[in-house]
Amino acid sequence: MRVVTITADVPGRLVDRLGEAPKEMKRGLKDVLNEMAKESREDLYTKSRSRYTLKAGKFRKSDIRIRKATISRPEAVLTISGQTESVKSYRIRRNTIRKGVRAEVIKGSGWKELKMKNGSLKAFVAGVTTGHTGVTHTDVFQRVGSARFPIRAIHGPSKAKLADVLFRDMQDEKGNELTRRVRALAERTLS
């Protein structure tokens, strides 16, 4: 399981100055941070849906949890947790005689064949019995060595890793927007 924590906090020198600020300024800062956290959650979800081929039920908006800012703790925290998803959760093309399973994780990046570096061990889709009567687990597998067994399931990136990559891309934009909103709040409150 991977957990990514994204914080939108205020610099320490501003917090020190807020100790002398009126109560409504502190309340306003809390509201600004919580509003930015909600917008960041929406942006992360919509950008992940538009950039990655992860199936709809595998990454929901509710997977991004918000710990809201308070007056005494001026920081909002977004937490995304989850296990790595099977490659089957992304777009795949089944194996053919000449090619192994191909996958596309990022939309428009093209189909990548899943195989070892030397090219001899290609991925395949198979159903494996789970020990329960009549139950099979279908997944994308690859042999570990030249022998028939053991095989291992192939996993793609987790939803936490996807959100982390997306947030790094939009971090500067969100930081500038937060600074702009805090300045507007200070002007409104102190004037």
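Small disclaimer: the values here were computed from a predicted structure and weren't measured.

### Focus on the overall build of the protein
Along the backbone of the protein there are 3 helices and 11 strands. Element order for the protein, N to C, with α for helix and β for strand: β-α-α-β-β-β-β-β-β-β-β-β-β-α. For the protein, the proportion of contacts with a sequence separation of at least 24, taken over those separated by at least 6, is 57%. When the accessible surface of the protein is summed, it comes to about 11,800 Å², and 49% of that surface belongs to carbon and sulfur atoms.

### A word on the nonpolar core
By size, the foremost hydrophobic cluster in this structure holds 25 residues, and its most contacted members are L44, I64, I80 and L178. Within the residue set of this core, elements represented by two or more residues are α2 (23-51), β3 (75-82) and α3 (159-190). Here this core gets 9 residues from one element, more than from any other, and that element is α3.

### Considerations on α2
For α2, built from 29 residues, the straight-helix expectation of 42 Å at 1.5 Å per residue is met to within 8% by its first-to-last C-alpha distance of 42 Å. If you check which residues of α2 are buried, you get M25, G28, L29, V32, L33, N34, M36, A37, S40, L44 and S48.

### Comments concerning the environment of S62
Looking at where S62 falls in the secondary structure, it is placed in the loop between α2 and β2 (64-67). Judged by relative accessible area, S62 falls into the partly exposed class, the value being 48%.

### Quick notes on the packing of aromatic side chains
Evaluated as defined, the whole model comprises 1 aromatic pair. When the ring of Y45 is compared with that of F59, the centres are 6.2 Å apart and the planes differ by 55 degrees; the resulting orientation is tilted. Residue Y45 is located in helix α2, and its partner F59 is located in the loop between α2 and β2; the two are separated by 14 residues in the primary sequence. Taking relative accessible area as the criterion, F59 reaches 2% and is therefore assigned buried.

### Here's the deal with the packing of α2 against α3
When two helices pack together, their arrangement is given by the angle between their axes and by how far apart the axes lie. For the pair α2 and α3, interaxial distance at closest approach is 10 Å and the crossing angle is 155 degrees. Between α2 and α3, the interaxial angle falls into the category roughly antiparallel. For the pair α2 and α3, the sense of crossing is right-handed. Looking at side-chain class alone, the contact of α2 with α3 contains 15 nonpolar, 4 polar and 10 charged residues.

### Observations concerning the sheet that holds strand β7 (residues 112-113)
Read from one edge to the other, the open sheet built from 3 strands follows the order β5-β6-β7, with strand pairing classed as antiparallel. This sheet does not close on itself; its edge strands, each paired only once, are β5 (91-93) and β7. In this sheet, β7 lies alongside strand β6 (residues 102-104) in antiparallel orientation, the contact comprising 2 bridges. Residue pairing in the sheet places A103 in a bridge with K112 of β7.

### Some words on the sheet that holds strand β8 (residues 124-129)
Spatially, 3 strands are ordered β8-β9-β10 in an open sheet, and the strand pairing comes out antiparallel. Two strands bound the open sheet, and with one partner strand each, they are β8 and β10 (151-153). Going across the sheet, the axis of each strand differs from the next one's by a mean of 60 degrees, ignoring polarity. As paired elements, strand β9 (residues 136-143) and β10 share 3 bridges and run antiparallel to each other. Looking across to β10, one finds that Q142 is bridged to R152.

### Regarding unusual backbone geometry
A cis geometry characterises the amide bond from F149 onward to P150, with omega recorded as 5 degrees. Structurally, P150 is set in the loop between β9 and β10.

What counts, and at which threshold
Residues numbered from 1 in each chain as written. Predicted model: local features only at pLDDT ≥ 70, side-chain atom pairs only at ≥ 80, totals over all residues. Heavy atoms only, no water. Helix = DSSP H or I, 4+ residues; strand = E, 2+ residues; numbered from the N terminus. Contact = heavy atoms within 4.5 Å. Areas by Shrake-Rupley, 256 points an atom, 1.4 Å probe, with all protein chains shown as cover. Core = buried A, V, L, I, M, F, W, Y, C linked by side-chain atoms within 4.5 Å. Buried < 20%, exposed > 50% of the residue type's maximum accessible area, 1.4 Å probe, protein only. Expected span 1.5 Å × (residues − 1). Phe/Tyr/Trp six-rings, centres within 6.5 Å; stacked < 30°, edge-to-face > 60°. Axes fitted to C-alpha atoms, helices over the stretch in contact; angles between N-to-C directions. Parallel < 35°, antiparallel > 145°, perpendicular 65-115°, else oblique. Left-handed = near helix turned anticlockwise from the far one by under 90°. Nonpolar A, V, L, I, M, F, W, Y, C, P; charged D, E, K, R; others polar. Pairing = 2+ DSSP bridges.

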